[in-house]
Amino acid sequence: MKMPKSVKRYCPSCKKHTLQNVTQNKTGRKRGAMTIGERRHHRRGGIEGYGGFPKPQLEKSSKHKKKTSKKIDIRFECSICKKKNALKNTFRAKKFEIVKIGV
Ligand SMILES: [Zn+2]
């Protein structure tokens, strides 16, 4: 889906509707060093020379269907108080982009 870059929303700290910029929160960041499994895998020289990936991939079956859409994590930054508010009820979408409207 497409989302306008700025929307008029209610700001809890301003206690009124303000123009707010939409930003997508980047997910998938790693915290700290590698995990134990990752370190072990790295020590063994990656995938090569070790008889396959540490964890064999699950066979495709109807029971273990992967979701094709992702939950979207967007933040609204108030243009007046510069406070960021997260969306309370997130939704799923295959594609998501922030588009400029009315420039
Ligand atoms: Zn505000």
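It should be noted that the structure appears before, not after, this text.
Quick look at the structure, then. Just so it is clear, the structure is predicted and the values come from calculations on it, not from any experiment. (Residues numbered from 1 in each chain as written. Predicted model: local features only at pLDDT ≥ 70, side-chain atom pairs only at ≥ 80, totals over all residues. Heavy atoms only, no water.)

### Considering the overall build of the protein
Link 1 in the chain: Helix and strand counts for the protein stand at one helix and eight strands.
Link 2 in the chain: When the elements of the protein are put in sequence order from the N terminus, they spell out β-β-β-α-β-β-β-β-β.
Link 3 in the chain: Looking at the protein as a whole, 16% of its 103 residues are labelled buried.
Link 4 in the chain: Sequence separation of at least 24 residues holds for 54% of the intrachain contacts in the protein that already meet a minimum separation of 6. (Helix = DSSP H or I, 4+ residues; strand = E, 2+ residues; numbered from the N terminus. Buried < 20%, exposed > 50% of the residue type's maximum accessible area, 1.4 Å probe, protein only. Contact = heavy atoms within 4.5 Å.)

### Here's the deal with unusual backbone geometry
Link 1 in the chain: Look at lysine 15: it is not a glycine, yet its phi comes out positive at around 60°.
Link 2 in the chain: Of note, lysine 15 is situated in the loop between strand 2 (6–11) and strand 3 (16–24).

### Considerations on the coordination of the zinc ion
Link 1 in the chain: Taken together, Cys11 (SG), Cys14 (SG), Cys78 (SG) and Cys81 (SG) make up the full set of protein donors to the zinc ion, lying 2.2 to 2.3 Å away.
Link 2 in the chain: In this structure, the zinc ion is coordinated by four donor atoms arranged in tetrahedral fashion, with angles at the metal of 101 to 119°.
Link 3 in the chain: Along the chain, the residues that donate to the zinc ion are spaced as C-x2-C-x63-C-x2-C.
Link 4 in the chain: Taking relative accessible area as the criterion, cysteine 81 reaches 29% and is therefore assigned partly exposed. (Donors = N, O, S within 2.8 Å, 3.2 Å for Na, K, Ca; no water. Tetrahedral: all angles 85-135°; square planar, octahedral: opposite > 155°, others 65-115°.)

### What to know about the nonpolar core
Taken as a class, soluble globular proteins show a tendency for nonpolar side chains to be buried jointly.
Link 1 in the chain: The biggest cluster of nonpolar side chains holds nine residues, and these are Met3, Val7, Val22, Ile72, Ile74, Phe76, Leu87, Ala93 and Phe96.
Link 2 in the chain: Excluding its chain neighbours within four sequence positions, the residues that come into contact with valine 7 are Thr18, Leu19, Gln20, Val22 and Phe76. (Core = buried A, V, L, I, M, F, W, Y, C linked by side-chain atoms within 4.5 Å.)

### Considering the sheet that holds strand 3
Link 1 in the chain: Here we have four strands laid out as an open sheet, ordered 2-3-5-6, and antiparallel in their pairing. Each end of this open sheet is capped by a strand with a single partner; those strands are strand 2 and strand 6 (84–86). Across the sheet, the mean angle from the axis of one strand to that of its neighbour is 45°, orientation sign disregarded.
Link 2 in the chain: Judged from the six bridges that link them, strand 2 and strand 3 form a sheet pairing that is antiparallel. Bridge pairing links tyrosine 10 to histidine 17 in strand 3. (Pairing = 2+ DSSP bridges. Axes fitted to C-alpha atoms, helices over the stretch in contact; angles between N-to-C directions.)

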